[in-house]
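# Coordinates in review
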Amino acid sequence: MPEYKKKPFSEVFTGANEQAIDLLEQMLLLDADNRITAEAALDHPYLEIYADHDDEPVCEARFVEPHFQSDDIDFWRKLTFDEIIDYRSSTSSSRQAAEAMPMET
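In this text, all values refer to a predicted model and were calculated from it rather than measured experimentally. (Residues numbered from 1 in each chain as written. Predicted model: local features only at pLDDT ≥ 70, side-chain atom pairs only at ≥ 80, totals over all residues. Heavy atoms only, no water.)

On inspection of all chains with the given rule, the structure shows 3 salt bridges. As a salt-bridge pair, Glu25 and Lys6 come within 3.1 Å of each other at their nearest N and O atoms. Taken as a pair, Glu25 in helix 2 (residues 18-27) and Lys6 in the segment before helix 1 (9-12) lie far apart in primary sequence, 19 residues in all. With a relative accessible area of 25%, Glu25 lands in the partly exposed category. Close ionic contact of Asp74 with Arg77 constitutes a salt bridge, the shortest N to O distance being 3.5 Å. Of this pair, Asp74 and Arg77 are both found in helix 4 (residues 73-100), 3 residues apart, which corresponds to roughly one turn of the helix. Taking the relative accessible area as the measure of exposure, Arg77 reaches 42% and is therefore partly exposed. (Salt bridge = Lys/Arg side-chain N within 4 Å of Asp/Glu carboxyl O. Helix = DSSP H or I, 4+ residues; strand = E, 2+ residues; numbered from the N terminus. Buried < 20%, exposed > 50% of the residue type's maximum accessible area, 1.4 Å probe, protein only.)

Quick look at the structure:
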């Protein structure tokens, strides 16, 4: 798979709110160790108008599904590929079912 240079979100989402772009970039980091936490995201300036610190419980334990703990790149490639195939087949099935339904008049 060829390596691609990251394109700044500010170039992709021209005219978007700078704080929204900053939060999005922090949320979409592949490496979970570098990704913004839910707690930090709720404290991000872009979301401050929605913040209610009295009603935002914090989970003390980190949730990690055991079968997803792998440094093997082939494992992640297969997992990603399987997810794409599963998604495509489920959306294709849904579309076919919708097309087969009679139109109401």
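Let us now look at the packing of aromatic side chains. Throughout the structure, instances matching the rule amount to 2 aromatic pairs. Both rings, one in Phe9 and one in Phe13, keep their centres 5.8 Å apart while their planes meet at 85°; by these two values the pair is edge-to-face. Here Phe9 falls in the buried class, since its relative accessible area comes to 18%. Between Phe75 and Trp76 the ring centres are 5.2 Å apart and the planes differ by 85°, which places this aromatic pair in the edge-to-face class. According to the relative accessible area criterion, Phe75 is partly exposed, its value standing at 26%. A residue is classified by how much of its surface remains accessible, and Trp76, at 32% relative accessible area, is partly exposed. Over the aromatic face of Phe9 sits the side chain of Lys6, whose NZ or CZ is 5.0 Å from the ring centroid. (Phe/Tyr/Trp six-rings, centres within 6.5 Å; stacked < 30°, edge-to-face > 60°. Lys NZ or Arg CZ within 6 Å of the ring centre and 35° of its normal.)

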